[in-house]
Amino acid sequence: MSSKKKGTKREKNHHSSKIVDANEPVNDPFYASPLYDFLAPFRPAGSQWLTHYVIIIFALIIRLAIGLGPYSGMNTPPMFGDFEAQRHWMEITQHLPISEWYWFDLQYWGLDYPPLTAFHSYILGKIGTFIYPAWFALNESRGYEEDGIKTFMRLTVVLSDIIFYIPAVVYFTKWVGRHRNQSPVSQYIAAAAILFQPSLMLIDHGHFQYNSVMLGLTIYTINNLLDGFYSMAAVCFVWSICFKQMSLYYAPVFFAYLLSKSLFFPKWFNISRFIGIAIATVLAFVSVFGPLYLFGGRITNVRQCISRIFPFARGIFEDKVANFWCVGNLFIKFKTLYTQEQLQLYSLVLTVAGFLPAFLMSLLYPKKHLLPYSLTTCAMSFFLFSFQVHEKTILVPLLPVTLLYTSNDRNVLSFVCWINNVSLFTLWPLLKKDHLSLQYSTCFIMCNWLLGNFSFITPRFLPRFLTPGPPVSDTDKNYRRRSLLPNNILWKLIIVCSYIAMFAIHIGDRFIEPPKQYPDLWVILNCVVGFGCFVMFWLWAYYKLFTLRNKTIQAL
């Protein structure tokens, strides 16, 4: 047999027969995953434009399906939950002057997000009031939970995704794909992997929040940096901060990157660029805080807004979360041994120490392909060590992590998949409280299956037509796609052990009643496992940041 024919096999399926090269190098990192198989028919040039609409429609269908379930605080008076908080903010912004937005009945879901959230609530509330005024009647609508308001509120989150998040993700994957000579379909496969991130879908469309607005504005910031539009990047990031203050987790890296591009790269002291960025930043803040000052009681109202945004009086942590302070409190009773002021100082020192290497790398190596890693390490430092962190805040470091689905390195993808699963696991206590167990398990299984994480279950164990991956149509019958685990045996062991621990905690939480003296046993174990995984991933991300500093985008 000639060398040309040696590596080929003829394979038949129910559609047609085809020649498959068993030894052909496979470059697409998602090759032989169900997601790849779903989008592979659109590879012909005449069909590629359809891929855009297929992944967006599929992403919206998943979000709408999640929205059919319960939400935070459903049928739990008197305070209800985040759903009621968002509805209440639409209520007060409709009926009260701007001077009262940050002062009105602070004990009942007082507004505690920056002004852009308030303006967002005002616009959505105007639309809702036009449709049905009773949804947002002042004081009388508290706890309103009829089907109409549920449908409206759910659709506003979907609309926010469509406007802010989805276009930003698609543009990012297209930009990276074009600069790495990837096919359009490969770019859309990466976009689909990002859009199907289960944690964000479950928090925004299940629990109920509008995190996609903040995260979408952050991706627009990255996109503008990729295109070299530095002033517009500054505007987008300011608006991201002014929607949710947690976006400050990215601030050191963006500040260092813009400063470096203005003063050091590509030439020394580009004063015009520096001034342009400074003016754009100031104008962006003025556009958001200006109305509070002009129409809301001058500086007093601005100060009240800022005090509501940064509630240091609440303590180092409130709920159980997988970070240093909550897990460390198991061994060192921080709140007993130290004053509030001391804990604030210690938190500041640890956080700065955590993100300082990322800050310096962004200052000295302002390279586009390093942005996901520098943002990841910086934001994770805030999550692990900063003040007043909530479990939902993991969405902030998870954004730049998930953008690494554009990587061609399967080792990188293995870490991205792993930490996405760990993050979802740490959200389990919250989602369980919201009665979103079905949505949690379904999204976990579906997203891992789509990415090929179950493809190690090959026809050697199951009949070919029952195999959850690799796909029948595009692979040789002897092809065995490995699961998304790294090559390094130590990391492989760590990741597998973490999955075993997560599975064991779920089994214990489901079937074993915790001891009376430790009623939160399973939640605490959840935090401990999550914290350990986050720390190891944080160190790995720093390792990648340092090793890639002299590389190009091809090494992403």
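Looking at an unreviewed UniProt entry, one finds the chain named Alpha-1,3-glucosyltransferase and attributed to Maudiozyma barnettii. Recorded in UniProt under Pathway (unreviewed entry), the annotation for the chain is "Protein modification; protein glycosylation." Quoted verbatim from the Subcellular location (unreviewed entry) field of UniProt, the annotation for the chain is "Endoplasmic reticulum membrane".

K.L.:
Please explain the overall build of the chain as it appears in this structure.
P.N.:
For the chain, the count of helices and strands is 23 helices and two strands. Burial analysis of the chain (556 residues in total) assigns 55% to the buried set. Long-range pairs, those at least 24 residues apart, make up 75% of the contacts in the chain between residues at least 6 apart in sequence. Carbon and sulfur atoms make up 67% of the accessible area of the chain, which totals about 24600 Å².

K.L.:
Where do I start with the environment of Cys305 in this structure?
P.N.:
Of note, Cys305 is situated in helix α13 (residues 298-309). On the accessibility criterion, Cys305 (0% relative accessible area) is buried. Setting aside anything within four residues of it in sequence, one finds Cys305 in contact with Tyr102, Pro115, Phe289 and Leu292.

K.L.:
What exactly am I supposed to notice about unusual backbone geometry here?
P.N.:
For residues other than glycine, phi is negative in most cases, and the peptide bonds are mostly trans. The amide bond that connects Pro77 to the next residue, Pro78, takes the cis arrangement and shows omega of 5 degrees. If you trace the backbone, Pro78 turns up in the loop between α3 (48-66) and α4 (82-95). Positive phi values are uncommon outside glycine, yet Asn139 reaches one of about 70 degrees. With respect to the secondary-structure elements, Asn139 resides in the loop between α5 (115-131) and α6 (147-179). On the basis of relative accessibility, which here comes to 40%, the residue Asn139 falls in the partly exposed class. Here Phe208, not a glycine, exhibits a phi torsion of approximately 100 degrees, which is positive.

K.L.:
Looking at this structure, how should I read empty space enclosed by the protein?
P.N.:
Unoccupied space between atoms shows up once a probe the size of one water molecule is rolled over them. Enumeration over the complete set of coordinates arrives at five cavities of 30 Å³ or more. The calculated volume of the largest cavity comes to roughly 100 Å³. What lines the largest cavity is Ala193, Phe196, Gln197, Pro198, Tyr405, Cys417, Asn420, Asn421, Cys447, Asn448, Leu451 and Asn453. Of the residues in the lining of the largest cavity, the class split is seven nonpolar, five polar and no charged. Of the pockets and cavities examined, the second largest cavity occupies roughly 50 Å³. Every residue along the wall of the second largest cavity is listed here: Phe172, Val176, Ile222, Leu226, Lys368, His369, Leu371, Pro372, Ile553 and Leu556. Here the residues of the lining of the second largest cavity are counted per class, giving eight nonpolar, one polar and one charged.

K.L.:
Would you take a moment to explain the pattern of salt bridges for this structure?
P.N.:
As a working rule, side chains carrying opposite charge can pair if their charged atoms are close by. A full pass over the atoms with the stated rule returns six salt bridges. We note a salt bridge from Asp161 to Arg63, for which the minimum N-O separation is 2.6 Å. Residue Asp161 is located in helix α6, and its partner Arg63 is located in helix α3; the two are separated by 98 residues in the primary sequence. Across this residue pair, the class does not change: Asp161 and Arg63 are buried. Ionic pairing is found between Asp520 and Lys320, a salt bridge with its closest N-O pair at 3.1 Å. Taken as a pair, Asp520 in the loop between α22 (489-511) and α23 (521-547) and Lys320 in the loop between α13 and α14 (324-328) lie far apart in primary sequence, 200 residues in all. Overall, Asp520 belongs to the partly exposed group, its relative accessible area being 33%. Judged by relative accessible area, which is 30%, Lys320 ranks as partly exposed.

K.L.:
Would you explain the packing of aromatic side chains in this entry?
P.N.:
Any two aromatic rings considered together are summarised by their centre-to-centre distance and by the angle between their planes. The final tally for this structure, using the stated rule, is 36 aromatic pairs. A network of ring pairs unites the aromatic residues Phe324, Trp325, Phe334, Phe385, Trp538, Tyr542 and Phe546 as a single cluster. Positioned above the aromatic ring of Tyr108, the side-chain terminus of Arg142 is 4.2 Å from the ring centre. Note that Arg510 overlies the ring of Phe511, its terminal NZ or CZ placed 5.1 Å from the centroid.

K.L.:
Help me understand the layout of surface pockets, please; the structure alone is not making it clear to me.
P.N.:
What the second largest pocket holds in volume is close to 770 Å³. Lining the second largest pocket are 28 residues, and of these Phe444, Tyr499, Met502, Phe503 and His506 lie nearest its centre. Elements supplying a minimum of two residues to the lining of the second largest pocket: α19 (410-426), α20 (428-433), α21 (437-451) and α22. Grouping the amino acids of the lining of the second largest pocket by side-chain chemistry returns 17 nonpolar, eight polar and three charged.

K.L.:
I keep staring at the packing of helix α8 (residues 198-208) against helix α9 (residues 211-227) and nothing clicks. Help me out?
P.N.:
Helix-helix packing is described using two parameters, namely the angle between the two axes and the distance between the axes. Remark: α8 packs on α9, axes separated minimally by 9 Å, with the N-to-C direction vectors making an angle of 135 degrees. Here α9 runs oblique to α8, going by the angle between their axes. On α9, the residues that touch Leu200, Ile203 and Asp204 of α8 are Asn211, Ser212 and Leu215. Its residues placed into classes, the contact of α8 with α9 shows three nonpolar, two polar and one charged.

K.L.:
I tried to follow helix α12 (residues 271-295) on my own but got confused; where do I start?
P.N.:
Residue pairs three or four apart in sequence face the same way in an α-helix, which turns once every 3.6 residues. Compared with the 36 Å implied by 1.5 Å per residue over 25 residues, the 35 Å span of α12 between its first and last C-alpha is a close match. At Phe289, α12 is deflected by roughly 50 degrees, the largest bend along its length, and proline Pro291 occurs up to four residues later in sequence. Every buried residue of α12 is listed here: Ile277, Ala280, Ala284, Val288, Phe289, Gly290 and Leu292.

K.L.:
Just to check I follow, could you spell out the packing of α6 against helix α7 (residues 184-195) for this structure?
P.N.:
At a closest axis distance of 9 Å, the pairing of α6 and α7 adopts a crossing angle of 145 degrees. The interaxial crossing formed by α6 with α7 has right-handed handedness. Taking contact as the criterion, the partners of Tyr165, Ile166, Val169, Val170, Thr173, Lys174, Gly177 and Arg178 in α6 are, on α7, Gln187, Tyr188, Ala190, Ala191, Ile194 and Leu195. The residue makeup of the contact of α6 with α7, split by class, is nine nonpolar, three polar and two charged.

Conventions and cut-offs
- Residues numbered from 1 in each chain as written.
- Predicted model: local features only at pLDDT ≥ 70, side-chain atom pairs only at ≥ 80, totals over all residues.
- Heavy atoms only, no water.
- UniProt positions renumbered as here; feature names shortened; annotations may be inferred.
- Helix = DSSP H or I, 4+ residues; strand = E, 2+ residues; numbered from the N terminus.
- Buried < 20%, exposed > 50% of the residue type's maximum accessible area, 1.4 Å probe, protein only.
- Contact = heavy atoms within 4.5 Å.
- Areas by Shrake-Rupley, 256 points an atom, 1.4 Å probe, with all protein chains shown as cover.
- 1 Å grid on protein atoms, 1.4 Å probe; cavity = no way out; pocket = protein on both sides within 12 Å on 5 of 7 lines; lining within 4 Å.
- Points joined across faces, edges and corners; volume = space filled by probe spheres on them.
- Nonpolar A, V, L, I, M, F, W, Y, C, P; charged D, E, K, R; others polar.
- Salt bridge = Lys/Arg side-chain N within 4 Å of Asp/Glu carboxyl O.
- Phe/Tyr/Trp six-rings, centres within 6.5 Å; stacked < 30°, edge-to-face > 60°.
- Lys NZ or Arg CZ within 6 Å of the ring centre and 35° of its normal.
- Axes fitted to C-alpha atoms, helices over the stretch in contact; angles between N-to-C directions.
- Parallel < 35°, antiparallel > 145°, perpendicular 65-115°, else oblique.
- Expected span 1.5 Å × (residues − 1).
- Bend = angle between axes of the 7 residues up to and from the residue.
- Left-handed = near helix turned anticlockwise from the far one by under 90°.

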